[in-house]
Amino acid sequence: MTRSGSPTPPPKTCASCGREMPWRAKWAKNWDEVRYCSDACRRRGIRPIDERLTASIRELLAARAADATICPSEAARAVGGDAWRDLMEPARRAARRLVADGEVEITQRGVVVDPSTAKGPIRIRRAR
């Protein structure tokens, strides 16, 4: 509930990093226009490399069995070549955005996890 007694709006997904953004009182007047969770995400936005990583994840999953998973590093390697390590966090962001779109799931040890809070190694699979 908000201070005025009305129900709290549902959370949104950041357009840049794909993490869940809970409603905040400071956004009460413009919640419908809020797209980014932070100034850093607003500045970063969605770059062409982010779109290539998203496409790479889709292509890698399409080339595998329906229940197969991929590591974000596979998408980073496909897009970045020798500089793939610099693309690991952007690849994870791309995976989180695909989760928000309902296309994929992020797992750890075979269990679906919340992409906003997942730490450590993750795998990506098609949504079931």
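Computed from a predicted model, the values in this text were never measured in an experiment. (Residues numbered from 1 in each chain as written. Predicted model: local features only at pLDDT ≥ 70, side-chain atom pairs only at ≥ 80, totals over all residues. Heavy atoms only, no water.)

1. Here we look at the sheet that holds strand β4 (residues 104–108)
- With respect to topology, four strands assemble into an open sheet ordered β3-β6-β4-β5, the strand pairing being antiparallel. Edge positions in the sheet fall to β3 (69–70) and β5 (111–112), since each has one partner strand and no second.
- Both β4 and strand β6 (residues 123–126) contribute to a ladder of four bridges, which runs antiparallel. When the sheet's bridge partners are listed, Thr107 is paired in β6 with Arg123.
- The strands touched by helix α4 (residues 88–100) within the sheet are β4 and β6, with β4 carrying the most contacts at an inclination of about 125°. (Pairing = 2+ DSSP bridges. Helix = DSSP H or I, 4+ residues; strand = E, 2+ residues; numbered from the N terminus. Contact = heavy atoms within 4.5 Å. Axes fitted to C-alpha atoms, helices over the stretch in contact; angles between N-to-C directions.)

2. Some thoughts on unusual backbone geometry
- Phi is positive for Arg109, which is not a glycine, with a value near 55°.
- Structurally, Arg109 can be placed in the loop between β4 and β5.
- Given the relative accessible area of 86%, Arg109 is considered exposed. (Buried < 20%, exposed > 50% of the residue type's maximum accessible area, 1.4 Å probe, protein only.)

3. Comments concerning the pattern of salt bridges
- Considering all chains together, one arrives at seven salt bridges under this definition.
- In this structure, the salt-bridge partner of Arg47 is Asp50, at a minimum N-O distance of 3.4 Å.
- Between Glu105 and Arg125 there is a salt bridge, with its nearest N and O atoms 2.7 Å apart. Placement of Glu105 in strand β4 and of Arg125 in strand β6 is noted, with a sequence separation of 20 residues between them. Note on accessibility: Glu105 and Arg125 belong to one class, buried.
- Residues participating in the shared-partner salt-bridge network are Glu89, Arg92 and Arg96. (Salt bridge = Lys/Arg side-chain N within 4 Å of Asp/Glu carboxyl O.)

4. Remarks on the packing of helix α2 (residues 48–62) against α4
- Two elements in contact, α2 and α4, have axes separated by 9 Å at closest approach and are oriented at 65°. As the angle between them shows, α2 and α4 are arranged roughly perpendicular. Where α2 crosses over α4, the handedness of that crossing is right-handed. Residues Asp50, Leu53, Thr54, Ile57 and Arg58 of α2 touch α4, and the partners they reach there are Pro90, Ala91, Arg93, Ala94, Ala95, Arg97 and Leu98.
- Partitioning the contact of α2 with α4 into residue classes produces seven nonpolar, one polar and four charged. (Parallel < 35°, antiparallel > 145°, perpendicular 65-115°, else oblique. Left-handed = near helix turned anticlockwise from the far one by under 90°. Nonpolar A, V, L, I, M, F, W, Y, C, P; charged D, E, K, R; others polar.)

Remember, this is a structural readout, not a statement about activity or role.
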